[in-house]
Amino acid sequence: MSEPRHIINVADVLTRTIHGGPRFEVALGDIDGVLGTTQIGATLHVVPAGKTAWPFHRHHGNDELFFILSGTGEYRVGDRRLPIRAGDCIGAPAGGEAHQLINSSDGELRYIAFANHGRADVVEYPDSGRIAVDIAHGNDKEPMSVFSTAGTLAPLGYWEGEDVDGEDRNG
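What you see is a predicted model, and the numbers here were worked out from it, not measured in a lab. (Residues numbered from 1 in each chain as written. Predicted model: local features only at pLDDT ≥ 70, side-chain atom pairs only at ≥ 80, totals over all residues. Heavy atoms only, no water.)

Participant: Just give me the short version of the environment of Gln39, but keep the residues and values in it.
Facilitator: Locating Gln39 in the fold gives a position in the loop between helix H1 (32-35) and strand E3 (40-47). Placed 78 residues apart in sequence, Gln39 and His117 show a C-alpha to C-alpha distance of 5.2 Å. Here Thr38 takes part through its side chain, which lies 3.5 Å from a polar atom of the side chain of Gln39. (Helix = DSSP H or I, 4+ residues; strand = E, 2+ residues; numbered from the N terminus. Polar contact = N/O pair within 3.5 Å; in protein donor to acceptor, adjacent residues only side chain to side chain.)

Participant: Can you tell me about the pairing of strand E7 (residues 80-85), naming the residues and giving the values?
Facilitator: Relative to E7, strand E6 (residues 72-77) runs antiparallel, the two being bridged by 6 bridges. Bridge assignment links Gly73 to a residue of E7, and that residue is Ile84. Hairpin connection from E6 to E7: 2 residues lie between these consecutive antiparallel strands, with Gly78 at a positive phi of about 60°. (Pairing = 2+ DSSP bridges.)

Participant: Give a detailed account of the sheet that holds strand E10 (residues 109-116), specifying residues and quantitative values.
Facilitator: Sheet architecture is open: 6 strands sit in the order E1-E2-E3-E10-E5-E8, paired in antiparallel fashion. In this open sheet, the two edge strands, each paired with only one partner strand, are strand E1 (15-20) and strand E8 (89-92). With direction set aside, neighbouring strand axes in the sheet form an average angle of 25°. (Axes fitted to C-alpha atoms, helices over the stretch in contact; angles between N-to-C directions.)

Participant: Give me the lowdown on the pairing of strand E2 (residues 24-30), citing residues and values where you can.
Facilitator: Residues in a regular strand point their side chains to alternate faces of the sheet. Among the 7 residues of E2, 5 are classified as buried, and the element is accordingly described as predominantly covered. Pairing of E1 with E2, which is carried by 6 bridges, proceeds in the antiparallel orientation. Residue pairing in the sheet places Gly20 in a bridge with Phe24 of E2. The hairpin turn running from E1 into E2, its antiparallel successor, is 3 residues long, and Gly21 in that turn takes a positive phi close to 75°. Where E2 meets E3, 4 bridges bridge the pair, whose relative direction is antiparallel. Bridge pairing in E3 places Asp30 opposite Thr43. (Buried < 20%, exposed > 50% of the residue type's maximum accessible area, 1.4 Å probe, protein only.)

Participant: Now, about the pattern of salt bridges: what can you tell me, with residues and values included?
Facilitator: Per the stated rule, a full pass over the model turns up 6 salt bridges. Salt-bridge contacts for Asp127 lead to Arg76; the nearest nitrogen and oxygen are separated by 2.9 Å. In this pair, Asp127 sits in the loop between strand E11 (120-125) and strand E12 (130-135) while Arg76 sits in strand E6, placing the two residues 51 residues apart along the sequence. With its nearest N and O atoms 3.0 Å apart, the salt bridge here joins Arg80 to Glu97. Linking Arg80 in strand E7 with Glu97 in the loop between E8 and strand E9 (99-102), this pair joins segments that are 17 residues apart in sequence. (Salt bridge = Lys/Arg side-chain N within 4 Å of Asp/Glu carboxyl O.)

Participant: Now, about the packing of aromatic side chains: what can you tell me, with residues and values included?
Facilitator: For any pair of aromatic rings, the description consists of the separation of the ring centres together with the inter-plane angle of the planes. Tallying each qualifying case throughout the model produces 1 aromatic pair. Taken together, a centroid distance of 5.9 Å and an interplanar angle of 85° make the contact between Phe66 and Tyr111 edge-to-face. Note that Phe66 is positioned in strand E5 (residues 64-70) and Tyr111 in strand E10, a separation of 45 residues in sequence. For Phe66, a relative accessible area of 4% gives the class buried. Taking relative accessible area as the criterion, Tyr111 reaches 2% and is therefore assigned buried. The residue whose ring lies beneath Arg76 is Phe56, and the NZ or CZ to ring-centre distance is 3.6 Å. Over the face of the ring belonging to Tyr125 we find Arg130, whose NZ or CZ atom lies 4.1 Å from the ring centre. (Phe/Tyr/Trp six-rings, centres within 6.5 Å; stacked < 30°, edge-to-face > 60°. Lys NZ or Arg CZ within 6 Å of the ring centre and 35° of its normal.)

So, in structure tokens, the structure goes:
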């Protein structure tokens, strides 16, 4: 990695595009890595018309803050959909309601997502019932996570499936 810069113009941020099925598409640009910050992340998001970057989700370990640079869309939070536009600043506190930014317009939606670099996070995805758990060596995922998995949860009692003193205690 090159020497961190003190200033970067958002127009100069290089992006890479990722897709996830017909609904999800985003060009992502690393801001925090270029500036050398280690405790707060910043990523440029460029979302095409009619798409969304990420599934509806809720973080339990990381706060998120979004600043809308250009375009319009909707902020899906809990069971509401709120209009968003350039200049809006949106907070998604850890453990708060599930959220998602949607480009419901016919133009591009550009925003910067800021998040604290926590060592561990649990993320819920209410639409699919998935849950993800990530525990990293240090800040964010560099080096890669010590533990990273996703799936669905099945309710279990505390002792269920554990063999304690030779007997199975289902709780």
